[in-house]
Amino acid sequence: ADHEGNDSRRMVPTAVVMAVDPSAYDGSRAGSLTRHEFKCWCTHALGFRPHKYEIEGLFDAGDDSGRISYAGATKYAERFVHEDSDATKAVFDALDVESRGFLTLASVRAAFAEASPAIQPEVVDAAFEELDVGRTGMISYQQFAWMTRDDDDDDDVTVPPAAEGRRRGR
């Protein structure tokens, strides 16, 4: 997030965040999370790690314990939540031919080769590259859902910097 509060990360389906309990990351069972535990929880629940400066701001604004409550962690995550679409999940599952919970270039190529053989592999590769904003070789459901959502009011959405030129150029 920048200092004005605008977020440059993707939205996450409500069910994904709710399924990841912050208490599972509380190694000392203190009822709150350390910075490291919070980063781990965010990575699992949201699909990304918050920026260093954002974490510092969250923890500096809290008490002097150096921890964030489960409620505070959940409140932070709520900024990135949206309602999931059954259609989006169905498309993701169809592309995840290996049922791994994430897409690889090989799985997307295989799905398109079977379902739409007329689409050239170069087109599939380019689409995969566009969705793989982190350049990890994998596309999480969160990335897929964010990049493929249909926003009527796209001007109110801040696109991740890595995807800005590609998404607007569609």
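Summarised in this report is the structure supplied together with it. Keep in mind the model is a prediction, meaning the values are calculated, not measured.

### Details of the overall build of the chain
In step 1: The number of helices and strands found in the chain is 9 helices and 6 strands.
In step 2: Here the chain holds 170 residues, and 35% of them are scored as buried.
In step 3: Residue pairs in contact within the chain that sit at least 24 positions apart in sequence constitute 60% of those at least 6 positions apart.
In step 4: Total accessible area on the chain stands at roughly 9800 Å², and carbon and sulfur atoms take up 53% of it.

### Quick notes on the packing of aromatic side chains
Aromatic ring pairs are described here by two measures, namely the spacing of the ring centres and the angle between the planes.
In step 1: Taken as a whole and judged by the stated rule, the model has 5 aromatic pairs.
In step 2: An angle of 70° between the planes, with centres 5.9 Å apart, marks the rings of Phe-38 and Phe-59 as edge-to-face. A residue pair is termed long-range when its members are at least 10 positions apart, and Phe-38 in helix 2 (residues 35-46) and Phe-59 in helix 3 (residues 52-61) qualify at 21 residues. As far as the burial class goes, Phe-38 and Phe-59 line up, both buried.
In step 3: Site record: aromatic cluster; members linked through ring pairs are Phe-38, Trp-41, Phe-59 and Tyr-76.
In step 4: Taking NZ or CZ as reference, Lys-89 lies 5.1 Å from the ring centre of Tyr-141, over its face.

### Notes on the packing of helix 6 (residues 105-115) against helix 7 (residues 121-131)
In step 1: Contact pair helix 6 / helix 7: the axes reach a minimum separation of 10 Å and the direction vectors enclose 135°. Considered as vectors, helix 6 and helix 7 are oriented oblique to each other. Where helix 6 crosses over helix 7, the handedness of that crossing is right-handed. Side by side, helix 6 and helix 7 meet where Leu-105, Val-108, Arg-109 and Phe-112 of the first sit next to Val-124, Asp-125 and Phe-128 of the second.
In step 2: Partitioned by chemical class, the residues of the contact of helix 6 with helix 7 number 5 nonpolar, no polar and 2 charged.

### Here we look at helix 7
In step 1: All of the buried residues in helix 7 are Val-124, Phe-128, Glu-130 and Leu-131. Down the axis of helix 7, the smallest arc covering the buried residues is 160°, so these residues share one side.

### A short note on the nonpolar core
In step 1: Core analysis: the biggest nonpolar cluster contains 15 residues, and Leu-33, Phe-38, Trp-41, Cys-42, Leu-46 and Tyr-76 have the highest contact counts within it.
In step 2: With 5 residues, helix 2 is the single largest residue contributor to this core.
In step 3: If you look at the next biggest cluster of nonpolar residues, it comprises 14 residues, including Leu-95, Leu-131, Phe-144 and Met-147.

### Describing the side chain of Thr-104
In step 1: Take Thr-104: it is sitting in strand 5 (residues 102-104).
In step 2: Look past the residues within four positions of Thr-104 in its chain and what remains in contact with it is Glu-98, Phe-128 and Gly-137.

### Re the pattern of salt bridges
In step 1: For the structure shown, the criterion picks out 6 salt bridges.
In step 2: Arg-35 is the partner of Asp-60 in a salt bridge, and the nearest nitrogen-oxygen pair spans 3.6 Å. Of the two residues, Asp-60 is situated in helix 3 and Arg-35 in helix 2; the sequence distance between them amounts to 25 residues.
In step 3: A residue is classified by how much of its surface remains accessible, and Arg-35, at 32% relative accessible area, is partly exposed.
In step 4: Residues Asp-93 and Lys-89 are paired through a salt bridge, measuring 3.1 Å at the closest nitrogen-oxygen approach.

Cut-offs used in this document
- Residues numbered from 1 in each chain as written.
- Predicted model: local features only at pLDDT ≥ 70, side-chain atom pairs only at ≥ 80, totals over all residues.
- Heavy atoms only, no water.
- Helix = DSSP H or I, 4+ residues; strand = E, 2+ residues; numbered from the N terminus.
- Buried < 20%, exposed > 50% of the residue type's maximum accessible area, 1.4 Å probe, protein only.
- Contact = heavy atoms within 4.5 Å.
- Areas by Shrake-Rupley, 256 points an atom, 1.4 Å probe, with all protein chains shown as cover.
- Phe/Tyr/Trp six-rings, centres within 6.5 Å; stacked < 30°, edge-to-face > 60°.
- Lys NZ or Arg CZ within 6 Å of the ring centre and 35° of its normal.
- Axes fitted to C-alpha atoms, helices over the stretch in contact; angles between N-to-C directions.
- Parallel < 35°, antiparallel > 145°, perpendicular 65-115°, else oblique.
- Left-handed = near helix turned anticlockwise from the far one by under 90°.
- Nonpolar A, V, L, I, M, F, W, Y, C, P; charged D, E, K, R; others polar.
- Arc of directions from axis to C-beta.
- Core = buried A, V, L, I, M, F, W, Y, C linked by side-chain atoms within 4.5 Å.
- Salt bridge = Lys/Arg side-chain N within 4 Å of Asp/Glu carboxyl O.

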